[in-house]
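# Structural overview for review
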Amino acid sequence: MSEKNSQNIAKLIIGDRSIDLTVMIDSFDRPAVDIRNLFAKYGVMTFDPGYTSTASCQSAITYIDGNKGVLLYRGYPIEQLAADGSYLEAAYLLLNGELPNRRQFEQFQRETLHRMPVHEQMIEILRRYKRDTHPMVLIESMVTALGAFDTDCDVTTREGRNRVAINLIAKIPTITALALRYIQGKPFIYPREDLGYTENFIRMCFAPSDGAPFEINPIIAGALDRIFILHADHEQNASTSTVRLAGSTGVEPYAAISAGIVALWGAAHGGANEAVLGMLERIGSKDAIPAFLEQVKDKESHDRLMGFGHRVYKNYDPRALIIKKESEKVLANLDVQTEQLDVAKELERIALQDPYFTSRQLYPNVDFYSGITLSAMGFPVHMFTPLFALARTSGWIAQWKEMVDGGPLTIGRPRQHYTGPTQRDYVALDKRD
Ligand code: SDX
């Protein structure tokens, strides 16, 4: 990974000590103070809970400019990829750094479709769970189990790591559809090599149990494929950082991705799309919005405007703009009558006129409109985060591969700012008052 050479030096003055630190300059001329040896050489730590100012790694995969609302996958604007590309193309780009030519894409697609089926015994894993288990539990279990079935998984070579990456991207839609069918008590539908990636997923989710012909709505398939593109990667978010940290211990990639699935589930992260639907249902109608927002602004309520705010975007999340347009198209095409989109748009309109939100730079994020769109497509609300995980698998495994391809692993092991008692001696129980 090349970093721009820099003559910039940062001086750290602590008492009578002056420490010179190198400043690294990234592709967009953003400076980073290199503190890798700060503690070992000088016994000094930095303090940054939540890593709000800390670069945990170097990466060439995704770039976000939170102030300008810019999102690039390997330099390509998300708007262009979503408008004219496909999810598998974006997955190839994230993994390999360049867009595929026609031959490369056809070969990647062929291998991915060929690898979509899972071992029949995977279904036995599902049968151990109650039917009302949250699908994120089922998916996490099956992804971890993939390692047991992928007996020729060899991650010591680039080719081996590429194969595992394709295997994961191929199997995650099948696993996600299996989880849905299991919860619904429906027979499983298997993938077909004569269908596209997202079309396969839609058919595995919604095809009738009796094997009757099932027509895939191209508007839905196109909208879902675009939603997958938008969710594919997003720098070092909480779940991607979890994948990297787990992967840094040398654990096999399936387990590292499984750790990312669990981290994504939180309502502050990928679980927000599910929470937004609950919030909209709770609000009910437009005239209840002012009272709800007053509740959110009352710190005592601990209520948050779900689908709003972002650690990096201090402007409109570009993905939210695209999904908002998709939701209007999908609802119109399916002739779905729902007040939720109107309530969401009115909620956004009022919030963006309210200084409480604008002063805190709180704008709609990727989760604000996605649930409305997925619900109109027929996905139950507890499938929203699994769909996020499906799409993010390509980003997670691309980030894992970038870390492992980058040479010997350095285990991630943050320090801490200790605030506990200094050393003291043990007193026997019978001597304590
Ligand atoms: C995703 O990181 C990624 O890239 C994630 C993601 C990806 O693609 O991987 O983009 C996907 O996770 C999107 C985010 C989905 N989460 C939500 O929509 C949940 C609601 N949002 C928040 O919980 C919150 O905005 C976070 C967690 C997303 C970001 O929180 P930060 O950056 O840590 O901000 P903060 O909690 O320090 O809040 C700053 C201020 C606080 O108020 P004050 O103390 O200054 O008075 O803003 C307030 C917060 O109370 N605030 C909100 C709010 N989010 C922040 N107030 C009301 N509603 C909100 N949603």
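Residues numbered from 1 in each chain as written. Predicted model: local features only at pLDDT ≥ 70, side-chain atom pairs only at ≥ 80, totals over all residues. Heavy atoms only, no water.

Our focus in this paragraph is the pattern of salt bridges. Summed over all chains, the structure comprises 24 salt bridges. Across the pair Arg-226 and Glu-326 runs a salt bridge, and its minimum N-O distance is 2.5 Å. One end of the pair, Arg-226, is in helix α9 (residues 218-231); the other, Glu-326, is in helix α14 (residues 318-334), with 100 residues separating them in the sequence. Neither residue differs from the other here; Arg-226 and Glu-326 are each classed as buried. (Salt bridge = Lys/Arg side-chain N within 4 Å of Asp/Glu carboxyl O. Helix = DSSP H or I, 4+ residues; strand = E, 2+ residues; numbered from the N terminus. Buried < 20%, exposed > 50% of the residue type's maximum accessible area, 1.4 Å probe, protein only.)

A separate point is α9. Compared with the 20 Å implied by 1.5 Å per residue over 14 residues, the 20 Å span of α9 between its first and last C-alpha is a close match. Burial analysis of α9 places 12 of its 14 residues in the buried class, the great majority of the element. Restricting attention to buried positions, one finds in α9 the residues Ile-220, Ala-221, Gly-222, Ala-223, Leu-224, Asp-225, Arg-226, Ile-227, Phe-228, Ile-229, Leu-230 and His-231. The backbone nitrogen of Ile-219 lies 2.7 Å from a side-chain oxygen of the residue at the head of α9, namely Asn-217. (Expected span 1.5 Å × (residues − 1). Polar contact = N/O pair within 3.5 Å; in protein donor to acceptor, adjacent residues only side chain to side chain.)

A few words on the site of the ligand. Within the structure, the ligand sits among 24 residues, and His-234, Lys-299, His-310, Arg-319 and Arg-392 are positioned closest to it. At a separation of 2.9 Å, a nitrogen atom of the ligand approaches a polar backbone atom of Ala-268. Residue Lys-299 places a side-chain N or O atom 2.8 Å away from an oxygen atom belonging to the ligand. Calculation on the ligand without its partners gives an accessible area of 1,100 Å², and the protein chains cover 76% of this total. For the shell around the ligand, the class distribution of residues is 10 nonpolar, 7 polar and 7 charged. (Near = heavy atom within 4 Å. Areas by Shrake-Rupley, 256 points an atom, 1.4 Å probe, with all protein chains shown as cover. Nonpolar A, V, L, I, M, F, W, Y, C, P; charged D, E, K, R; others polar.)

Here the focus is the pairing of strand β2 (residues 17-25). The pairing of strand β1 (residues 9-14) with β2 spans 6 bridges and is classified as antiparallel. Bridge pairing in β2 places Ile-13 opposite Ser-18. Direction of pairing for β2 relative to strand β3 (residues 31-33): antiparallel, over a ladder of 3 bridges. Counted as the bridge partner of Ile-25 is Pro-31 from β3. In this structure, the hairpin formed by β2 and β3 is closed by a connection of 5 residues, where Asp-29 is found at a positive phi of approximately 60°. (Pairing = 2+ DSSP bridges.)

Moving on: the environment of Lys-68. Here Lys-68 shows up in the loop between β4 (62-65) and β5 (70-73). Judged by relative accessible area, which is 63%, Lys-68 ranks as exposed. Taking the C-alpha atoms as reference points, Lys-68 and Asp-152, separated by 84 residues in sequence, lie 45 Å from one another.

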